[in-house]
Every structure is written in C-alpha cells, then in structure tokens.
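Chains, contacts and geometry: an overview
Listed here are the chains, written in short residue letters.
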Amino acid sequence: MDMLASLSNGFAQWNEIQDFLARGGPAIWAIAALSVLTLALILWKIWRLILMGAWAGRRTEAAVRLWEDGFAQDARAALSRRRSLRAIVAHRAIQARLGGDFNDTTAREEIRRVASRELARARAGLRALDLIATIAPLLGLLGTVLGMITAFQTLQEAGSRADPAALAGGIWEALLTTAAGMAVAIPAGVALAWFESVADNAQRDMEDAATRILTRDPHRRHASATDTDASTVTAAAE
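This report concerns the structure included in the present document.

What counts as what
Residues numbered from 1 in each chain as written. Predicted model: local features only at pLDDT ≥ 70, side-chain atom pairs only at ≥ 80, totals over all residues. Heavy atoms only, no water. Helix = DSSP H or I, 4+ residues; strand = E, 2+ residues; numbered from the N terminus. Buried < 20%, exposed > 50% of the residue type's maximum accessible area, 1.4 Å probe, protein only. Contact = heavy atoms within 4.5 Å. Areas by Shrake-Rupley, 256 points an atom, 1.4 Å probe, with all protein chains shown as cover. Axes fitted to C-alpha atoms, helices over the stretch in contact; angles between N-to-C directions. Left-handed = near helix turned anticlockwise from the far one by under 90°. Nonpolar A, V, L, I, M, F, W, Y, C, P; charged D, E, K, R; others polar. Core = buried A, V, L, I, M, F, W, Y, C linked by side-chain atoms within 4.5 Å. Phe/Tyr/Trp six-rings, centres within 6.5 Å; stacked < 30°, edge-to-face > 60°. Polar contact = N/O pair within 3.5 Å; in protein donor to acceptor, adjacent residues only side chain to side chain. Arc of directions from axis to C-beta. Salt bridge = Lys/Arg side-chain N within 4 Å of Asp/Glu carboxyl O. Patch = residues over 30% accessible without salt bridge, like charges linked within 9 Å, V, L, I, M, F, W, Y side chains within 5 Å. Expected span 1.5 Å × (residues − 1). Parallel < 35°, antiparallel > 145°, perpendicular 65-115°, else oblique.

1. Considering the overall build of the chain
Along the chain, the regular secondary structure elements total nine helices and zero strands. For the chain, the sequential pattern of α-helices and β-strands runs α-α-α-α-α-α-α-α-α. Within the span of the chain, comprising 238 residues, buried residues form 35% of the whole. In the chain, once contacts between residues fewer than 6 apart in sequence are set aside, the share between residues at least 24 apart is 82%. Accessible surface, the chain as shown: approximately 14200 Å² in total, 60% of it carbon and sulfur.

Next up, the structure:
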C-alpha cells in the first residue's frame, strides 16, 4: 500500500510539472532544459576541481619551503607524485631550474605555459555557466512577453465580454517564465563566481610558488636549515 501511495503521489507531482510547463509555453521548456544543464555543470565542475586538487596547497607550500631552505632534491621528490594544480606547476618550475635545459627566460616561459594549461583546465565549463546566467533571464522575459501578447489578444477578441479574472490568470501564467528564468540564472551566477574565485586563488598560489622557486638559488642552503629540518618537512609533504 505504501508503494502504491508513493507511485500515486509521484504521478500527481509529474502531472503538476507538466501542467506548469504547458502554461509557460516553449520558453519554459527551454528554461527547464537549462536548469538540468546547470545542475549537471555544477556537479561536474565540483568533481573536476576535487580531482584536480583545486583546494590542496599545503604540501606544495611545504615543498617550496624545502626549496627555499636549499633542499632542492627533497623539494622535487615531495612533488614528484602530486597531481594538484599547484604541485604540477611548482614541480615543473623546479625541474626547469635543476634540469639545465632552460635559462631564466625560457624557464619562465615554460612555467607560464604549464600554468596556463592548468588554469584552462580549472576554468573549463565556466563560459557555459556564464552563458546560462545571461540567457536564462532573457528567455524568461521572452516567455513573459509572448504570454502577455497572447493574453491581450484574447482580451481584444472577447471585446466587451472580457473577463478580468481570465486576463489576470493569463498574465500570472506569463510571469511564470520570468520567475523560472531568474530561478535558473541566480544559482548559475553564484556557482560561476565561486568557481572563478577558486581558479583565481589557485592562480595566485601558482604565481607565488613559481616566483619563489625562480628567485632562490637551489644550491644555497638557508643558514637556519639543517638535515633534521629537511627530513621533517619532507615527511610532512609526503
């Protein structure tokens, strides 16, 4: 009985959704499709950023401190198996300094290339969210305008027999699309701002790490650095 009641409630809710979509016209169907796409994009983007280690920076910072203290090989080893955005750029910067294949200018260009590639991965999908946040309210407004045109055409045809209640019903049904468009655009805009802030923070950290690596002599140990310090920081980075 509980299952039958649940199925009955599900069918009733589905019928209500269909009625809502039918009242809104073609624009509401487009907005409904955008809402599904927006949710999928947000979930996909969060998953991608987690896989890319967009919020992981502690171990990269520990490795850069190793580099600054003169433990170049330990710093490279600490980042060799890391796949976060910051770790990839910092590891490439260390390789460029230690490999001997780059001078200062070409090393900077190589680091910039790697950082640009990683940032492009971090910002993938943001243009789609930006487009959704822009066009969803416009689609809602379009649906409202088309609904208002239909409502006033009905009023004109009815002439002196026009029913104000019917006109009001047509107007609020037309306004549904504006509300639906804003309901899609607002979460898309918030998610876009959040993802951009995550990418901007990663960019600042990558620039900071690259600059610290490029401006420090990898073979000069800090006066306060000891082998014990190196092993301690290396263990923290692993």
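Let's pick the thread back up.
2. Brief notes about the packing of helix 4 (residues 72-79) against helix 5 (residues 85-99)
Interhelical geometry of helix 4 versus helix 5 gives an angle of 145° and a closest axis separation of 9 Å. Note on packing geometry: the crossing formed by helix 4 with helix 5 is left-handed. Facing Ala72, Gln73, Ala75, Arg76 and Leu79 of helix 4, the residues of helix 5 in contact are Ala87, Ala90, His91, Ile94, Gln95 and Leu98. When its residues are assigned to classes, the contact of helix 4 with helix 5 shows seven nonpolar, three polar and one charged.

3. Notes on the nonpolar core
Ranked by size, the top nonpolar core spans 50 residues in total, and within it Leu85, Leu129, Phe195 and Ile213 carry the most contacts. Top element by residues in this core is helix 8 (residues 164-214). It accounts for 15 residues.

4. Focus: the packing of aromatic side chains
Here a ring pair, both rings aromatic, is described through the centre-centre distance and the interplanar angle of the planes. Applying the stated criterion across every chain, the model contains two aromatic pairs. Taken together, the aromatic side chains of Trp55, Trp194 and Phe195 make up a single cluster linked through ring pairs.

5. What to know about the side chain of Thr60
Among the structural elements, Thr60 can be located in helix 3 (residues 58-68). Reaching out from Thr60, the side chain makes a polar contact with the backbone nitrogen of Ala87 at a distance of 3.3 Å. With sequence-adjacent residues up to four places away left out, Thr60 is seen in contact with Leu79, Ser84, Arg86, Ala87 and Ala90.

6. Here we look at helix 4
By the burial criterion, the buried members of helix 4 are Ala72, Ala75, Ala78 and Leu79. Angularly, the buried residues of helix 4 cover 125° about the axis, an arc narrow enough to put them on a single face.

7. Some thoughts on the pattern of salt bridges
Once their charged atoms are close, side chains differing in charge can pair, the charge on each being opposite to the other. Under the criterion given, the structure shown has twelve salt bridges. Between Glu61 and Arg65 there is a salt bridge, with its nearest N and O atoms 3.1 Å apart. In this pair, Glu61 and Arg65 are both assigned in helix 3, four residues apart and thus about one turn of the helix distant. Given a relative accessible area of 49%, Arg65 falls into the partly exposed group.

8. Some words on a nonpolar patch on the surface
There is a patch of nonpolar side chains on the surface, built from Trp47, Ile50, Leu51, Trp55 and Trp194 and spanning about 590 Å² of accessible area. Considering each element in turn, the nonpolar patch owes the most residues, three residues, to helix 2 (residues 26-51). Topologically, Trp47 is positioned in helix 2. Trp47 gets classed as exposed once you look at its relative accessible area, which sits at 51%.

9. Structural notes on the environment of Ala136
Relative to the assigned elements, Ala136 resides in helix 7 (residues 126-158). Among the residues examined, Ala136 registers a relative accessible area of 0% and is labelled buried. A C-alpha to C-alpha distance of 6.5 Å links Ala136 and Val184, two positions 48 residues apart in sequence. Once you skip the residues sitting within four places of it in the chain, Ala136 turns out to touch Ile31, Leu34, Gly181, Val184 and Ala185.

10. Some remarks on helix 5
With 15 residues, helix 5 should reach 21 Å at 1.5 Å per residue; the first-to-last C-alpha distance of 21 Å fits that figure. Considered for burial, the residues of helix 5 that qualify are Leu85, Arg86, Ala87, Ile88, Val89, Ala90, His91, Ala93, Ile94 and Ala96. Looking one or two places after helix 5, you find Gly100, whose phi comes out positive at around 85°.

11. Section: the packing of helix 3 against helix 4
Look at helix 3 against helix 4: their axes get within 7 Å of each other, and the N-to-C directions meet at 165°. Accordingly, the angle class assigned to the pair helix 3 and helix 4 is roughly antiparallel. Our pair here, helix 3 against helix 4, has a crossing hand that is left-handed. Side by side, helix 3 and helix 4 meet where Arg59, Thr60, Ala63, Leu66 and Trp67 of the first sit next to Ala72, Asp74, Ala75, Ala78 and Leu79 of the second. Split by residue class, the contact of helix 3 with helix 4 holds seven nonpolar, one polar and two charged.

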